[in-house]
Structures are given as structure tokens and as C-alpha cells.
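# Structure assessment
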Amino acid sequence: MSRTIILHPEGTVARPRAVMPAGPATLTSLPPLSVYVHVPWCVRKCPYCDFNSHAADEIPERAYLDALRADLEQSLPLVWGRQVVSVFLGGGTPSLLSAAGLDELLAMLRACLNLLPDAEITMEANPGAAEASRLRDYAASGVTRFSLGIQSFDDAQLKRLGRIHDSGQARAAIEMAQRAAERVNLDLMFALPHQSLEACLADVRQALSFGTEHLSMYHLTLEPNTVFAKYPPDGLPDDDLGAAMQDAVEAELAAAGLRRYEVSAYARAGARSRHNVNYWEFGDYLGLGPGAHGKLSFHDRIVRQARARQPESWMERAGRHDGSHIAEDRVVRAGELPFEFMLNALRLKDGVAASLFAERTGLSLAAIAHQLEAASSRGLLDADPTRLRATALGWSFLNDLQEMFLSTD
Ligand SMILES: C[S@@+](CC[C@H](N)C(=O)[O-])C[C@H]1O[C@@H](n2cnc3c(N)ncnc32)[C@H](O)[C@@H]1O
Ligand code: SF4
């Protein structure tokens, strides 16, 4: 969680101008490549959710898979010859895909891309849309890791959150997923309406009782354009209680051997999400499906892409094979790279090796020397010159620290 701090006497964050090369990045090596596939449908839209997800009684699976193939085929020239280290099927609710549909999807990725034999393949699943035989089939098709949207084990909370599952289904889904695959992540939310510190810890303890290796803990946020933003629920914990929950959760999980390694992620040794770590280390990812974002590096430039957001529009446009399903496709300016890199890297509790900055952005560390010095003299950045890592203070005021790397060019 990040609290607001005024870092500058005028009440704004100091933003020293960096000396940036005018031209694009020059990379000597390309980062690891991941693939993200977005499945945009859910049984029902949750009132707090601002993801690109749409309620559907039945998903147009055939049309979706055909469009995905078209999207993938048109993307291939951008990733020729590169190895893929991980795949993430996110949503929405990917577990609405039939076992045969998921099998076809993964076969398509394998046929077109150079997927490493030990690639991590994560699938998000909703406890209200998961059954044992389907989870087993997904795993047999190649899914190595399930990520379950549990949110809470408290039936009253699940109801308030508009979830389609109850706590019994949550527990059953965890057991099914753990039997089907070796690796399972659980998503929990905290700072829920009328939630006490004890109730928050009770959720964490229930999650741990399954021998969980990875937990994602999200502070409930009221996102713009959601039902909760328009009609905020009663009894939301105040900032102090939210912060106390965060601290208590971290201590409880540390005692159980799950270390907080990123703002919202906790894992046992060796159980980190390789896919997400690649994002935070400013690796590359090809984003397929409606609204999916991608970042791809080339020796002379870094490109960001976004697909058309509306599922129908993306499907129709991908089928035209003219690139019109790509809503945004732009070279990232050199001046944007320090902030983009730091936005990700500083989310990792251990930060990253300082050398990764040049490796991933093509810029010299000297380009951000002023910002590094300013951040470290304010006690926000670790003084160790071989790492880029927030201090405990910097971690508490992460937004402000990240913003110090914004620059204009
Ligand atoms: C794309 S959803 C995951 C999977 C699946 N759709 C589900 O909900 O079961 C990713 C996770 O983000 C979290 N999340 C979504 N909206 C949130 C919000 N407004 N505040 C906090 N966490 C949120 C939830 O924990 C959710 O499981
Ligand atoms: S099930 Fe997940 S993606 Fe779908 S609306 Fe709810 S939180 Fe969003």
C-alpha cells in the first residue's frame, strides 16, 4: 500500500530533468518473452471490477478461438525465433472455456510459438465456474498453474462483492485445483465492507490451511466506472485500519513462510509467479485477445501495443487480417523508459540488479543519475549502487518514489 507523502516544499514531487538521448533505445539483447491471452467473459460482472470483462450467458467460443488464431498469426513477425518462457490466460474468466477449447488454444500457441518445454502456463479460474474434471483436463492440456479468484471465505462478504460462489465452492475449488496442478495461487481481497482485522486474518489463515504456496492480497479499491464507485458500499475500513490489515497480513504470512515479494504477491521459496516477475523485471510480453496490452523489444526500439477492447469489435477486426484489431501500436520514447522501468522494478521488494536498467531500456544509468541521487538522499532508495531497490520508507510511499522517474522529453 502506498501512502501519500509530500517530497518537495512546494507540495509536488521534485522531477529533475534527465539527459535523454533523442533517438530510440538500442538494446544489445532481448528480454525474456511471455504471452498474455485475454478471455473477456464472466458469468456476472462483479460490482468492484474494472477489468475488460463482460457478462455472458454463453461464450462465443468458436468465434473467439478463430479470432485468437488470426490475432496470433498477425503477431508472429514481431516475435520470430524468440522463445516463450510463460503464458498467462487471464480474464474475465478463462475457466468458462471448454476443455476442448482450451486444448485447442494451447495447441495453437505451441504450433506457432517456440514455447519452452518447462514454460509456466497459468490459467485464472473462478470458483463458481470450475469443476474437477475440467480442471484436470486443462492441466492435461498443459496448464501448470491455476490462479483462483477466492476473494474471501466469508459468505456475507462474497455476497456483498457480488460473487457467484460461496465459501464451500471456494474450498472445493482449491482442493480440485491442487489435485489437478502442482502450482496454485489464491487471490484474496481485504479492507472489505465491515471487515475487522480479525476477519481479514481469518481469511488469510483459511487460505494457509490448504498449504498454499502463493497468495495475492489485494486491498479493495473503488475503481472509476464501476458499480462500487457509483454506489460505495457502507462500512469500508478507513486508511488506518486498511494499513493495519496490510501489516498484519504480511506478518501472518511471513510466519507461515510466505514472503511478500511484490506489492500484492506473497510466496514460499521457489513459488513466485515467473510470468508476473517477467512483467516487473521489464520483460517482454505479447498480448493477445480483446483489450490485451503488449510490450515488445527490438534491437532499435521498444513497442507498446493494445488490442481493440470490445470483444465483438476485436473478433470482427482480427478476422479481417489487416491489423485493424490493434488499437494502439507505438514506439516508447526514450524519455518515458525510466519511469516505465521503475514503475515495474520498484514493485519488487528486492528490486532488481542495477545493470538491468541498461539491459532492458537501452539507456545508460547515468541518464537517471540525478533522480537516483535525489531518491536515495531522501531515504527512499537503497544506497547500494549494484541494486535498484526501494527502502522500507520508499516502499511505503511507492507512488511518490516511482514518480520521481517521470521526465519530459
Ligand atoms: C481478473 S481478476 C481474476 C480472476 C477471476 N475473474 C475472478 O475474479 O475470479 C484478478 C483479481 O483482481 C482482484 N481485483 C479485481 N478488482 C479489484 C478491485 N477493485 N480491488 C481489489 N482487487 C481487485 C481480485 O482479487 C481478482 O481475483
Ligand atoms: S469474475 Fe473476475 S474478471 Fe469477472 S467481473 Fe468478477 S472480478 Fe472481474
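Because the structure is a prediction, the values reported are computed rather than measured.

### Looking at the site of ligand 1
Inspection of the region around ligand 1 gives 16 residues, with Y48, N126, G149, D187 and Y218 positioned closest. Of all the secondary-structure elements, those providing two or more residues to the shell around ligand 1 are β4 (83-91), β6 (145-151) and β7 (183-190). Residue composition of the shell around ligand 1, by class: six nonpolar, seven polar and three charged.

### Here's the deal with the domain arrangement of the protein
Split by domain assignment, the protein resolves into domain 1 (33-278) and domain 2 (334-408). Here domain 1 and domain 2 have C-alpha centroids that lie 29 Å from each other.

### Observations regarding the site of ligand 2
Taken together, C42, K45, C46, C49, F51, S53, G91, G92, T93, N126 and G149 make up the full set of residues adjacent to ligand 2. Grouping the amino acids of the shell around ligand 2 by side-chain chemistry returns four nonpolar, six polar and one charged.

### Details of the confidence of the model for the protein
The share of residues in the protein with pLDDT of 70 or more is 93%, and the mean pLDDT across the chain is 93. Note that residues 1-18 has pLDDT below 50 and, in this model, 37 contacts with residues that lie over four places away or in other chains.

### Notes on the packing of helix α2 (residues 99-112) against helix α3 (residues 132-141)
When two helices pack together, you describe them by how their axes are tilted relative to each other and by the distance separating the axes. At their nearest, the axes of α2 and α3 sit 9 Å apart, and the two run at 15° to each other. When the axis of α2 is compared with that of α3, the two are roughly parallel. As α2 packs across α3, the resulting crossing turns out to be right-handed. Listed contacts from α3 to A99, L102, D103 and L106 of α2 are R134, D137, Y138 and S141. Of the residues assigned to the contact of α2 with α3, the class counts are four nonpolar, one polar and three charged.

### Some thoughts on the environment of V227
Locating V227 in the fold gives a position in helix α7 (residues 227-230). With 179 residues separating them in the primary sequence, V227 and Y48 have C-alpha atoms 6.4 Å apart.

### Considering the nonpolar core
With 103 residues, the main nonpolar core has V35, V87, L148, A177, L188, F190 and A345 as its most contacted residues. Both domains that meet at this core, namely domain 1 (33-278) and domain 2 (334-408), each give it at least three residues. In this view, F190 contacts Q195, C200, M217, H219, M245 and V249; residues no more than four positions away in its chain are not counted.

### Some details on the packing of helix α1 (residues 61-79) against α2
Look at α1 against α2: their axes get within 11 Å of each other, and the N-to-C directions meet at 10°. Regarding the angle of α1 to α2, the classification is roughly parallel. Counting all contacts with α1, which are made through E61, L65, L68, R69, L72, E73 and L76, the residues of α2 involved are G101, E104, L105, M108 and C112. Partitioning the contact of α1 with α2 into residue classes produces seven nonpolar, one polar and four charged.

### Here we look at helix α8 (residues 239-255)
Along its 17 residues, α8 runs 24 Å from first to last C-alpha, staying within 8% of the 24 Å computed at 1.5 Å per residue. Taken together, the buried positions of α8 are occupied by M245, V249 and L253. Around the axis of α8, the buried residues are gathered within 55° of arc, so they sit on the same side. Exposed and oriented more than 90 degrees from the buried face of α8 are D240, D247, A251, A254 and A255. Contacts from the buried residues of α8 go to β7, α6 (197-208), β8 (214-219), β9 (259-260) and β10 (265-267). Immediately beyond the C-terminal end of α8, within one or two residues, lies G257, with a positive phi of roughly 90°.

Rules used throughout
Residues numbered from 1 in each chain as written. Chains lettered and ligands numbered in written order. Predicted model: local features only at pLDDT ≥ 70, side-chain atom pairs only at ≥ 80, totals over all residues. Near = placed C-beta within 6 Å. Helix = DSSP H or I, 4+ residues; strand = E, 2+ residues; numbered from the N terminus. Nonpolar A, V, L, I, M, F, W, Y, C, P; charged D, E, K, R; others polar. Domains from an automatic or database assignment. pLDDT = per-residue confidence, 0-100. Contact = placed C-beta atoms within 7 Å. Axes fitted to C-alpha atoms, helices over the stretch in contact; angles between N-to-C directions. Parallel < 35°, antiparallel > 145°, perpendicular 65-115°, else oblique. Left-handed = near helix turned anticlockwise from the far one by under 90°. Core = buried A, V, L, I, M, F, W, Y, C linked by C-beta atoms within 7 Å. Buried ≥ 20, exposed ≤ 12 C-beta atoms within 10 Å, placed from the backbone. Expected span 1.5 Å × (residues − 1). Arc of directions from axis to C-beta.

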